Amino acid sequence: MTDQFDLTEEQRAIQDMAAKFTADAITPHAAEWDEQHIFPRETVRAAAALGFGGIYVSEDAGGIGLGRLEAALIMEAMAYGCPSTSAFISIHNMAAWMIDRFGPADLKARYLPSMVACEKIGSYCLTEPGSGSDAAALKTKAVRDGDHYVVSGSKAFISGGGENEVYVVMVRTGEDGPKGISCLVIDKDMPGVTFGAQERKLGWHSQPTAQVNFDGVRVPVANRVGAEGEGFRIAMAGLDGGRLNIGACSLGGAQRCLDEAVRYTKERKQFGQPIADFQSIQFTLADMETELQAARMLLYAAAVKVTNGAPDKTKFAAMAKCLATDTGSSVVDRALQLHGGYGYLQDYPIERFWRDLRVHRILEGTNEIMRMITSRELLRQ
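J.: Where do I start with the packing of aromatic side chains in this structure?
T.: Per the stated rule, a full pass over the model turns up nine aromatic pairs. Plain terms: the ring middles of Phe271 and Phe278 are 6.2 Å apart, the flat faces sit at 85 degrees to each other, and that makes the pair edge-to-face. Ring centres 5.6 Å apart and planes at 50 degrees place the aromatic pair Tyr342 and Tyr348 in the tilted group. Note on Tyr342: relative accessible area 37%, which makes it partly exposed. Connected via pairs of aromatic rings, a cluster forms that spans Tyr56, Trp97 and Phe102. The lysine or arginine in question, Arg68, covers the ring of Tyr56, its NZ or CZ lying 3.7 Å from the ring centre. When the ring centre of Phe102 is taken as reference, the NZ or CZ atom of Arg101 above it lies at 4.8 Å.

J.: Just to check I follow, could you spell out the environment of Thr194 for this structure?
T.: Inspection of the secondary structure assignment puts Thr194 in strand β6 (residues 193-195). The exposure class of Thr194 is partly exposed, given its relative accessible area of 43%. It is 9.4 Å that separates the C-alpha atoms of Thr194 and Gly161, two residues lying 33 residues apart in sequence. Thr194 has contacts with Gln211, Val212 and Asn213, leaving out every residue within four places of it along the chain.

J.: Looking at this structure, I do not really get helix α11 (residues 367-380). What am I missing?
T.: One turn of the α-helix equals 3.6 residues, which is why residues spaced by three or four share an orientation. For α11, spanning 14 residues, the distance from its first C-alpha to its last is 20 Å, which sits close to the expected 20 Å at 1.5 Å a residue. For α11, every residue scored as buried is listed here: Asn367, Ile369, Met370, Ile373 and Thr374. The buried side chains of α11 occupy one side of the element, clustering within an arc of 160 degrees when seen end-on. Turned more than 90 degrees off the buried face of α11, the exposed positions are Glu368, Leu379 and Arg380. Buried residues along α11 sit in contact with α7 (231-267) and α9 (313-338).

J.: Quick question: what am I supposed to make of the packing of helix α4 (residues 68-79) against helix α8 (residues 279-308) here?
T.: In a packed pair of helices, the relevant descriptors are the angle between the two axes and the axis-to-axis distance. Contact geometry for α4 and α8: axes closest at 7 Å, N-to-C directions at 140 degrees. Here α4 is positioned oblique relative to α8, judged by the angle of their axes. Within the contact between the two elements, α4 uses Arg68, Leu69, Ala72, Leu73 and Glu76 and α8 uses Arg296, Leu299, Tyr300, Ala303, Val304, Val306 and Thr307. Taken together, the residues of the contact of α4 with α8 sort by class into eight nonpolar, one polar and three charged.

J.: Would you explain the nonpolar core in this entry?
T.: Generally speaking, a soluble globular protein has its nonpolar side chains buried in company with each other. Counting residues in each nonpolar core, the largest one holds 97 residues, and the members touching the most others are Met98, Ile99, Tyr124, Met170 and Leu299. Considering each element in turn, this core owes the most residues, 14 residues, to α7. By size, the runner-up hydrophobic cluster in this structure holds 17 residues, among which are Val171, Met190, Val212 and Val219.

J.: Help me understand the pattern of salt bridges, please; the structure alone is not making it clear to me.
T.: Oppositely charged side chains can pair when the atoms bearing their charge come close. All chains considered together, the criterion is met by 19 salt bridges. Close ionic contact of Arg45 with Glu42 constitutes a salt bridge, the shortest N to O distance being 2.9 Å. In this pair, Arg45 and Glu42 are both assigned in helix α3 (residues 41-49), three residues apart and thus about one turn of the helix distant. Residue class for Arg45 comes out partly exposed when judged on its relative accessible area of 29%. Residue classification places Glu42 among the exposed positions, given a relative accessible area of 55%. Across the salt bridge formed by Arg110 and Asp106, the nearest N and O atoms sit 3.2 Å from each other. Pair noted here: Arg110 and Asp106 are both in helix α6 (residues 105-116), with a separation of four residues, about one helical turn. For Arg110, a relative accessible area of 37% translates into the label partly exposed.

Cut-offs used in this document
- Residues numbered from 1 in each chain as written.
- Predicted model: local features only at pLDDT ≥ 70, side-chain atom pairs only at ≥ 80, totals over all residues.
- Heavy atoms only, no water.
- Phe/Tyr/Trp six-rings, centres within 6.5 Å; stacked < 30°, edge-to-face > 60°.
- Buried < 20%, exposed > 50% of the residue type's maximum accessible area, 1.4 Å probe, protein only.
- Lys NZ or Arg CZ within 6 Å of the ring centre and 35° of its normal.
- Helix = DSSP H or I, 4+ residues; strand = E, 2+ residues; numbered from the N terminus.
- Contact = heavy atoms within 4.5 Å.
- Expected span 1.5 Å × (residues − 1).
- Arc of directions from axis to C-beta.
- Axes fitted to C-alpha atoms, helices over the stretch in contact; angles between N-to-C directions.
- Parallel < 35°, antiparallel > 145°, perpendicular 65-115°, else oblique.
- Nonpolar A, V, L, I, M, F, W, Y, C, P; charged D, E, K, R; others polar.
- Core = buried A, V, L, I, M, F, W, Y, C linked by side-chain atoms within 4.5 Å.
- Salt bridge = Lys/Arg side-chain N within 4 Å of Asp/Glu carboxyl O.

Shown next, in the form of structure tokens:
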């Protein structure tokens, strides 16, 4: 009988496929992408050829129609090679899913075929220079003018900014607060769309990040996702899945660094023996493994809840994102310590994962906001 806490054969096959793709197409190049700030567009297209451009986009719309656990397995596997590239593909998946799940048939027909193939890549635009955690305070305005909206404002820290073709943008069409927000699909080449300079970041060097500006951009009403006023709810629905994926990227990156630390401590000799023979090293490795497995189990359970639309899915997605990203950073930090001075060098991969995983505790809802969501649900009972 299958164990309900284990993966099915199909899930293992998906995991294996993603791991093989990563070993061939991502891991050998990731250090160069990081160092040279290369955006590997062709690798993203190759991932899409396996279906990874529309993981939980419905099969009717050209996606592979998988659940959130399968998506997490794919993201975790790709992050073993490069968390930055894996997270970039995750954000595209979130944007495509929002169009598929909430968009009208005409909008889906116009955008999803090219997005699923990653001929066009999608960005998710919620954050602004003046509204990060207080996302419902966003100011980007969309004023109705006949069969168009005229959009003005700016979005900050946008993954894919300046490179991607499609921007799924949360805009204010009505009153202050969450009820006045709508969701529009805006093209890179619409007149009035411009981009700030590429941000200079600590990590995530394989993906472009820039401010996106809208100066009187005329967007067809037909490009609206959902009804007016539904934008914030749609944005938050997207983030349940996004948070699982970013947590999965931390799991994959941390697993890579744990594997590297096990290998290194068995090879590295001090005081006449491999340092893995010292009990303090053994206990550190044991803690890293235990914490990582615990975070993984919570994330997989949360993923199943999001797939099934469980009433506590948002709380579980928040808890899993928080635990997986905190634990991921902590595991990588200990892996760096176990490598000693070598861990601090770019000749070894650890420092890249240390830099890349740090931002996972900030984006798609800071871990402080994750704790707020969790405590709010607890205290509401």
